[in-house]
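Summary of the model geometry
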Amino acid sequence: MWGILIALISGALMSIQGVFNTEVTKQTSIWVSSGWVQLTAFLTCLIMWLFTGRQEVGGLWQVQPWYMLAGGVLGALITYTVIKSVGSLGPAHSALLIVVSQIIVAYGIEVFGLFGVEKTGWEWKKALGALIAIIGIVMFKK
């Protein structure tokens, strides 16, 4: 139950953040806005780290495989692409497309066991669920 609640909160925060970032971009620029997002995220993480245990930062250099450290780069690209999609499609339509993309890519990661995730078997009902979501987007657009 806790995981479901956290996931719902995450989705809500992503939608709100997308709107906020798009509005900041309209008044500044895409990279100023994205940079602000990443800077404030870093400061928030630093403050939370100070209050929640101060685990060893040097452990980052022990992370294997090394490409797992690319999360910050992906975060910047996510911020950029969300701002662009919300700006051109609006919050609801972009959120629908983003979520369907997340479902399809996440399922592919599971099915093929990519990035160290435990491999699962192909299930037609999950593929059908993704297809229904895509049909929902088409219906929402019309």
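Let me sum up the structure you'll find in this document. (Residues numbered from 1 in each chain as written. Predicted model: local features only at pLDDT ≥ 70, side-chain atom pairs only at ≥ 80, totals over all residues. Heavy atoms only, no water.)

1. Observations regarding the overall build of the protein
Tallying secondary structure elements over the protein gives 5 helices and 0 strands in all. Going from the N terminus to the C terminus, the protein shows its helices and strands as α-α-α-α-α. Seen through its C-alpha atoms, the protein measures out along the principal axes to roughly 45 × 45 × 30 Å. Only carbon and sulfur atoms are counted for the fraction: they give 74% of the accessible area of the protein, which is about 10700 Å². Each charge class in the protein was averaged separately, 8 positive and 5 negative side chains, and the resulting centres sit 12 Å apart. (Helix = DSSP H or I, 4+ residues; strand = E, 2+ residues; numbered from the N terminus. Areas by Shrake-Rupley, 256 points an atom, 1.4 Å probe, with all protein chains shown as cover. Lys, Arg positive; Asp, Glu negative; His and termini not counted. Charge placed at Lys NZ, Arg CZ, Asp CG, Glu CD.)

2. Quick word on unusual backbone geometry
For the bond from Q64 to P65, the omega torsion is -10 degrees, close enough to zero to count as cis. Even without glycine at this site, R54 takes up a positive phi of about 55 degrees. Relative to the elements of secondary structure, R54 occurs in the loop between α2 (30-51) and α3 (71-89). By relative accessible area, R54 is classed as exposed at 52%. (Buried < 20%, exposed > 50% of the residue type's maximum accessible area, 1.4 Å probe, protein only.)

3. Quick look at the layout of surface pockets
Estimated volume of the largest pocket: approximately 530 Å³. Lining the largest pocket are 23 residues; nearest its centre among them are M14, Q17, I78, V82 and I98. Those elements that provide at least two residues to the lining of the largest pocket are α1 (2-27), α2, α3 and α4 (91-112). Here the lining of the largest pocket gets 8 residues from one element, more than from any other, and that element is α3. Grouping the constituent residues of the lining of the largest pocket by class yields 11 nonpolar, 12 polar and no charged. (1 Å grid on protein atoms, 1.4 Å probe; cavity = no way out; pocket = protein on both sides within 12 Å on 5 of 7 lines; lining within 4 Å. Points joined across faces, edges and corners; volume = space filled by probe spheres on them. Nonpolar A, V, L, I, M, F, W, Y, C, P; charged D, E, K, R; others polar.)

4. Examining the packing of α2 against α3
Viewed as axis vectors pointing N to C, α2 and α3 meet at an angle of 130 degrees, and their least axial separation amounts to 10 Å. Compared by their axis directions, α2 and α3 come out oblique. Read as a crossing pair, α2 and α3 show a hand that is right-handed. Residue-level inspection shows I30, W31, S33, S34, V37 and Q38 of α2 in contact with α3, the latter providing G72, G75, A76, T79, Y80, I83 and K84. Its residues assigned to classes, the contact of α2 with α3 comprises 6 nonpolar, 6 polar and 1 charged. (Axes fitted to C-alpha atoms, helices over the stretch in contact; angles between N-to-C directions. Parallel < 35°, antiparallel > 145°, perpendicular 65-115°, else oblique. Left-handed = near helix turned anticlockwise from the far one by under 90°. Contact = heavy atoms within 4.5 Å.)

5. Brief notes about the packing of α1 against α2
Packed helices, taken two at a time, are described by the angle their axes make and the gap between the axes. Between α1 and α2, the least distance of the axes is 8 Å, while the angle of their chain directions is 135 degrees. Accordingly, the angle class assigned to the pair α1 and α2 is oblique. For α1 against α2, the interelement crossing comes out right-handed. Within the contact between the two elements, α1 uses Q17, N21, V24 and T25 and α2 uses I30, S33 and V37. Per-class residue counts for the contact of α1 with α2 are 3 nonpolar, 4 polar and no charged.

6. Some details on the pattern of salt bridges
Summed over all chains, the structure comprises 3 salt bridges. The residue E123 makes a salt bridge to K125 at a minimum N-O spacing of 3.9 Å. For E123, a relative accessible area of 29% gives the class partly exposed. Close ionic contact of K126 with E123 constitutes a salt bridge, the shortest N to O distance being 3.8 Å. The network of salt bridges with common partners includes E123, K125 and K126. (Salt bridge = Lys/Arg side-chain N within 4 Å of Asp/Glu carboxyl O.)

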